[in-house]
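Summary of the model geometry
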Amino acid sequence: MVIIFDLDGVVYLGNTPIPGAIESLNTLAEAEHALYFITNNSTRSRQNYADKLTAMGLPTSPEQVMTSAYATALYLQALGAEGKNVYVVGEVGLREEMAAVGMRVLGEEDPGPADYVVAGLDRDLTYAKLRRAHEEITRHGATFVATNRDATYPMETGEIPGGGAIVAPIEVSTGVRGATIGKPEPHTWLRILDLAGVGPSGALMIGDRSETDIQGAKEIGLHTALVLTGVTRAEDVAGLPDPQLPDHVLQDLTALPELVGRLAG
């Protein structure tokens, strides 16, 4: 069976593995289930995420990882953006993925103009970056693309502002709504299904955020399981609207091998 995991709040919080998660994933891998990882966090490259998981005790290749940064790069590549200028409001992982598909990533001192403005989580956000993004869109007609709209991002100490908090001020000042690439949009899941060679009914999505992980996966026909180690709490489940109701609810990933055994059997 193909099993797709969100990362933050599901497998780990920050740099700390959630208890039982790595052991359960290794059990599934040993049982020859195909594991993939999907994240709206655009700050790291796929290689960086693979290295992080491997260091935590779960051998992982970059081909198993789908980030909103990589999905955005594929989206722009399909639009013929190779060789075009892009101004990035984001971190190194997002810039690396843009460069990897042949785009010219503008630095703060590069004159531009930009053909695209791409925004994601940026923990070094400044007013100067917001102003540059605003000017590229409003004065030069750059196309605006949002890697994701997650309002928050779970850490060991609690939630912090997410990629959506970076996208919002650009949209407010420009009046332009950016195209959204990450969850709950279908791009990332469809790419994984294509790589795995299975249809939606052959895959299970594990996530902690009902409005993205669960709703988006349900819309394309995946099995879904909500895990209560991240954003969504047990007391929230009963009040979820139908599109966000998961097929299964797990306290953590320790019960996942048993669930997969039932589904795959």
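To start, this report covers the structure provided alongside it. (Residues numbered from 1 in each chain as written. Predicted model: local features only at pLDDT ≥ 70, side-chain atom pairs only at ≥ 80, totals over all residues. Heavy atoms only, no water.)

Observations concerning the sheet that holds strand E9 (residues 143-146)
Strand order in the open sheet formed by 5 strands is E7-E6-E8-E9-E12, and the pairing between neighbours is parallel. The open sheet has two free edges, formed respectively by strand E7 (104-105) and strand E12 (179-180), since each of these has just one partner strand. As defined by bridge partners, E9 adjoins E12 across 2 bridges and the pair is classed as parallel. Each bridged residue has a counterpart across the sheet, and for Val145 the counterpart in E12 is Ala179. (Pairing = 2+ DSSP bridges. Helix = DSSP H or I, 4+ residues; strand = E, 2+ residues; numbered from the N terminus.)

Details of helix H6 (residues 163-174)
When the terminal C-alpha atoms of H6 are compared, their 17 Å separation across 12 residues agrees well with the 16 Å that a helix rising 1.5 Å per residue should span. Taken together, the buried positions of H6 are Gly163, Gly164, Ile166, Val167, Ile170, Glu171 and Thr174. Taken end-on, H6 shows its buried residues confined to a sector of 155°, consistent with a single buried face. Those residues of H6 that are buried lie in contact with strand E6 (85-89), strand E8 (116-119), helix H5 (127-138) and E9. Looking one or two places after H6, you find Gly175, whose phi comes out positive at around 75°. (Expected span 1.5 Å × (residues − 1). Buried < 20%, exposed > 50% of the residue type's maximum accessible area, 1.4 Å probe, protein only. Arc of directions from axis to C-beta. Contact = heavy atoms within 4.5 Å.)

Quick look at unusual backbone geometry
Omega for the peptide link from Gly112 to Pro113 comes to 0°, which places this bond in the cis form. Phi angles above zero are rare outside glycine, and Glu32 is one such case at about 70°. Tracing the backbone shows Glu32 in the loop between helix H1 (21-30) and strand E4 (34-39).

Digging into the pattern of salt bridges
Going through the model one piece at a time under the given rule, you end up with 11 salt bridges. The residue Asp213 makes a salt bridge to Lys183 at a minimum N-O spacing of 2.5 Å. Of the two residues, Asp213 sits in helix H8 (residues 210-219) while Lys183 sits in the loop between E12 and helix H7 (187-196), which places them 30 residues apart along the sequence. Judged by its relative accessible area of 1%, Asp213 falls in the buried class. Residue Lys183 is classed as buried on the basis of its relative accessible area of 3%. (Salt bridge = Lys/Arg side-chain N within 4 Å of Asp/Glu carboxyl O.)

Description of the packing of H5 against H6
Packed helices, taken two at a time, are described by the angle between their axes plus the distance between the axes. For the pair H5 and H6, interaxial distance at closest approach is 10 Å and the crossing angle is 45°. Our classification of the angle between H5 and H6 gives oblique. Between H5 and H6 lies a crossing whose hand is right-handed. Within the contact between the two elements, H5 uses Leu130, Ala133, His134, Ile137 and Thr138 and H6 uses Ile166, Pro169, Ile170, Ser173 and Thr174. Classifying every residue of the contact of H5 with H6 gives 6 nonpolar, 4 polar and no charged. (Axes fitted to C-alpha atoms, helices over the stretch in contact; angles between N-to-C directions. Parallel < 35°, antiparallel > 145°, perpendicular 65-115°, else oblique. Left-handed = near helix turned anticlockwise from the far one by under 90°. Nonpolar A, V, L, I, M, F, W, Y, C, P; charged D, E, K, R; others polar.)

Brief notes about the packing of aromatic side chains
Here the structure, examined in full by the defined rule, presents 1 aromatic pair. Positioned above the aromatic ring of Tyr70, the side-chain terminus of Arg46 is 3.6 Å from the ring centre. (Phe/Tyr/Trp six-rings, centres within 6.5 Å; stacked < 30°, edge-to-face > 60°. Lys NZ or Arg CZ within 6 Å of the ring centre and 35° of its normal.)

Focus on the sheet that holds E4
Taken together, 6 strands build an open sheet; the order of strands is E5-E4-E1-E13-E14-E15 and the sheet is parallel. On the outer flanks of this sheet lie strand E5 (65-67) and strand E15 (248-250), each paired with one strand and no other. Neighbour to neighbour, the strand axes of the sheet diverge by 20° on average, direction disregarded. Across 4 bridges, strand E13 (residues 203-207) lies against strand E14 (residues 223-227) in parallel orientation. Bridging across to E14, Ile206 finds its partner in Ala225. Sitting on the sheet, helix H3 (residues 68-78) is in contact with E4 and E5, with an inclination near 75° to E5.

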